[in-house]
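Here's the letter readout for the chains.
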Amino acid sequence: MSKDVKRTKRNKITAIVVIAAIAVLLIVGIILTDPLYQTTEDISEVMKDAVLHEENKVSLFGYEVNPAYISSIAVVLLLLGVALVIRIFAVPRFKLIPGKFQLLVETVVGMFDGIAKKNSPHRNGLLGAYVFAAGCYIAVGTTFELIGIPVETTSGVSVSLPAPLSDINAAIALGFLSYFVILSGGIAGAGLRGVGRTLKDFSLPISMSFRLFGALLSGLLVSELVYYYISLSFVLPVIVGVLFTLLHALIQSYVLVMLTTMFYGEASEPHIKKPKKQKPTAKHGAAQNNIPVSQEV
Amino acid sequence: MPLNIDWQQILLHLLNLLILGVGLYLILYKPVKKFMQKREESYAEREEKTGDALREAEQRKGEYEQKLASADEEIAELKKQASAETETLRAATLRDAQAEAEDILADARDKAKREHDKMIADIGDDIRDLVSDMAEKAVMSPGVNEAYEQFLNEAEKGEEESDGKD
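Residues numbered from 1 in each chain as written. Chains lettered and ligands numbered in written order. Predicted model: local features only at pLDDT ≥ 70, side-chain atom pairs only at ≥ 80, totals over all residues. Heavy atoms only, no water.

Q: Honestly, unusual backbone geometry in this entry has me stumped. Any pointers?
A: Trans peptide bonds make up the majority, and among non-glycine residues the majority have a negative phi. Residues other than glycine seldom take positive phi values, yet A:F61 does so here, at roughly 50°. Mapped onto the secondary structure, A:F61 falls in the loop between strand 1 (58-60) and strand 2 (63-65). (Helix = DSSP H or I, 4+ residues; strand = E, 2+ residues; numbered from the N terminus.)

So this is what it looks like as structure tokens:
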């Protein structure tokens, strides 16, 4: 056996031993620290608070806000920060033949722009920018809960920051904003007719809001349920996290973007006057039926 | 409010979304889209230029093909013309050569005649000298004298006989 093979085998064994030791230490740490964070709330209270956010509030400049609002601010700052970094360091170095990172940025922007153009061919300037922001917000906001940044509530309890859209207020804000964007597109594209087309779908903001809220909430509830019991906190969160967070992030972004663009396209479609059908005159009609005019009258 | 809906929080979220929308549009979406559009225009321009160059090349190719076709005709015409010219030249050259040959022949004949006449003249003198020499030699030789003596004797004899008969 050559020296290289022996060395590779030794490296593999070392890696396995190190990983196993870390896993054991983590498990021991989890079990030992568990009594420190014994909650007095039972699972029904935890889940109710996850839905309603009645109990746990966070203080923000003297205002009591839901933890999801703090998440929202964090997500907005994160997105704007990343965008600023890309704008300052990457965009000026963009080349005609793109590199990997440039290709990624262009693909994301081009994808939202393409969806806007495809579903609303008449007007899509504002729409593309809006769906880009909304899509990024939903995707990043939903995956944000995976980080689990802890904040202290006004009652002194520590909670991890949830996804912004798991708060119904955030979902309503996004749903109504999408509706207003559609309405603005209707006004800009087809005037009063566009307003009429948009108002016809008056249930749209509610359905959009509650769809987002329901989808995000389901993930949150399952996560709360899983993390409530320590016995479920191994292996399972990986699957749950992927299923209820990553997939939701992509699916909900796609759904809201598609719905907004489709309704926008429908509302902003310019009206085309149909040519009037010529009614046959009484004389002509009578002549056709071989009926004397006097008789027909 | 049911479901803990709070208008203040909704407005706060709306403000957040507005800031995010405007910020992302100005910071990232617009510059990236502008760059992509610029590149698209650049490629469109290149494509247009390539198309123009291709069209020009096609046009030139057509022109060249046409020129080539006309050049073939021109070449054939030139060949024909050259052939005719060559034929004319050849005929003229032949005619000149014949004339020259005739001149040369006439000169040669003339010269030959002159040579002949001169030779004949020269030969006449030579023959005369030769005959004179031969005659002289013949006269001077002893055999001839004997024969002459015999001839004279015979002639005298014959004259005497004829006198006797008379």
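Q: What exactly am I supposed to notice about the pattern of salt bridges here?
A: Where charged atoms of side chains with opposite charge meet at close range, the side chains can pair. Tallied over the entire structure, the rule returns nine salt bridges over all chains. Put simply, A:D113 and B:K33 hold a salt bridge, and the shortest N to O gap is 3.3 Å. Highlighted residues: A:D113 in helix 4 (residues 100-119) and B:K33 in helix 1 (residues 7-140), drawn from two different chains. For A:D113, a relative accessible area of 9% gives the class buried. B:E56 is the salt-bridge partner of B:R60, the closest N and O atoms lying 3.3 Å from each other. Of the two residues, B:R60 and B:E56 both sit in helix 1, four residues apart, roughly one turn of that helix. (Salt bridge = Lys/Arg side-chain N within 4 Å of Asp/Glu carboxyl O. Buried < 20%, exposed > 50% of the residue type's maximum accessible area, 1.4 Å probe, protein only.)

Q: What should I look at first to understand the environment of A:H122 in this one?
A: Residues and elements named next belong to chain A. Mapped onto the elements, H122 comes out in the loop between helix 4 and helix 5 (125-144). Under the relative-accessibility criterion, H122 is labelled partly exposed at 47%. Beyond its immediate stretch of four places on either side in the chain, H122 contacts S268, E269 and P270. (Contact = heavy atoms within 4.5 Å.)

Q: Would you mind going over helix 6 (residues 168-190) of chain A with me for this structure?
A: Along an α-helix, residues three or four apart share an orientation, since each turn contains 3.6 residues. Residue and element names in this part refer to chain A. Between its first and last C-alpha atoms helix 6 spans 32 Å; for 23 residues at 1.5 Å apiece the expected length is 33 Å, and the two agree. By the criterion of burial, helix 6 is predominantly enclosed, with 17 of the 23 residues buried. Directly beyond the C-terminal end of helix 6, a positive phi value near 65° is found at G191. (Expected span 1.5 Å × (residues − 1).)

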